[in-house]
Amino acid sequence: MHYETAGNAHGLPHDPFKAIVSPRPVGWITAMSGKGEINLSPYSFFNAVSERPPMVMFSSAGRKDALTFIEETKEFVCNLAAFDLREQVNATSKVLPRGESELDHAGLTAAPSRLVRPPRVAEAPAALECRWLQTVPLVPLGGGEPSYFMVIGQVVGVYIDDRYIVDGLVDTAAMHPIARAGYRDYFVATPETKFSMTRPGG
């Protein structure tokens, strides 16, 4: 099949776009407002975009609390969303009144970060402490008001649970990170599904 996205006349029960661009890492973002309010929410449009220096991005549908808080304090934390925490990750996607803590709602523990003010999720096996660089409105072809906003941050600190450092390497598969697919689906990385390849010439 082939269809043009302008009309989105694919004839399927649901839009297949996010089922094709998958799996996508889940950005489980902790942000703090200027008043000290904490927001924790998962974003399925999330990834690393640079290594030197390390940078990450996530994209928000509309100007949600996380985006607003980050622009106020210029900091945020990306917590690794793991399979054992999948129910809590999902629980933090619930829209709560501003100022009500998703951490408390999901029964999670806030742990102090080292270099930024927003806390990390204590139960998460890894976390990236970030400083805000810019927010990019994603203006569509032909112009018009953007419906998504991409937040780019530079990673200034990294937390890793020591249990997942094996022979000097981070055992990512052992953390069982989850990733978003289309519809209501997710994937999980496991040691059994991990494989390695060497680049040609390297």
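Residues numbered from 1 in each chain as written. Predicted model: local features only at pLDDT ≥ 70, side-chain atom pairs only at ≥ 80, totals over all residues. Heavy atoms only, no water.

### Side note on the sheet that holds strand 2 (residues 27-32)
Inference 1: With antiparallel pairing, 7 strands are arranged side by side in an open sheet as 3-2-6-9-10-5-4. A strand with exactly one partner marks an edge of an open sheet, and here the two such strands are strand 3 (38-43) and strand 4 (46-51). Between one strand and the next, the sheet's axes are offset by a mean angle of 35°, whatever the strand orientation. (Pairing = 2+ DSSP bridges. Helix = DSSP H or I, 4+ residues; strand = E, 2+ residues; numbered from the N terminus. Axes fitted to C-alpha atoms, helices over the stretch in contact; angles between N-to-C directions.)

### A short note on the side chain of Ser113
Inference 1: Relative to the helices and strands, Ser113 resides in the loop between strand 7 (110-111) and strand 8 (120-121).
Inference 2: Taking the relative accessible area as the measure of exposure, Ser113 reaches 14% and is therefore buried.
Inference 3: In this view, Ser113 contacts Val77, Pro118, Pro119, Arg120 and Glu129; residues no more than four positions away in its chain are not counted. (Buried < 20%, exposed > 50% of the residue type's maximum accessible area, 1.4 Å probe, protein only. Contact = heavy atoms within 4.5 Å.)

### Quick notes on the packing of aromatic side chains
Inference 1: Tallied over the full model, the rule gives 3 aromatic pairs.
Inference 2: Note on Phe45 and Tyr148: the rings are 5.9 Å apart at their centroids and 85° apart in plane angle, and the pair reads as edge-to-face. Of the two residues, Phe45 sits in the loop between strand 3 and strand 4 while Tyr148 sits in strand 10 (residues 148-160), which places them 103 residues apart along the sequence.
Inference 3: With a relative accessible area of 23%, Phe45 lands in the partly exposed category.
Inference 4: Ring centres of Phe58 and Phe76 lie 5.9 Å apart, and the angle between their planes is 75°; on these two criteria the pair is classed as edge-to-face. Pair noted here: Phe58 is in strand 5 (residues 54-61) and Phe76 is in strand 6 (residues 75-80), with a separation of 18 residues, a long-range link. (Phe/Tyr/Trp six-rings, centres within 6.5 Å; stacked < 30°, edge-to-face > 60°.)

### Describing the environment of Pro146
Inference 1: As for its position among the elements, Pro146 is in the loop between strand 9 (126-137) and strand 10.
Inference 2: Owing to a relative accessible area of 19%, Pro146 belongs among the buried residues under this scheme.
Inference 3: Taking the C-alpha atoms as reference points, Pro146 and Val136, 10 residues apart in sequence, are found 9.7 Å from one another.
Inference 4: Apart from the residues lying within four places of it in its own chain, the contact partners of Pro146 are Pro137, Leu138, Val139 and Pro140.

### Remarks on helix 2 (residues 65-73)
Inference 1: In terms of burial, helix 2 is a largely internal element, 7 of the 9 residues being buried.
Inference 2: Buried within helix 2 we find Asp65, Ala66, Leu67, Thr68, Phe69, Ile70 and Thr73.
Inference 3: Its buried side turned inward, helix 2 meets strand 2, strand 3, strand 5, strand 6, strand 9 and strand 10.
Inference 4: At the exit of helix 2 stands Lys74, carrying a positive phi of roughly 65°.

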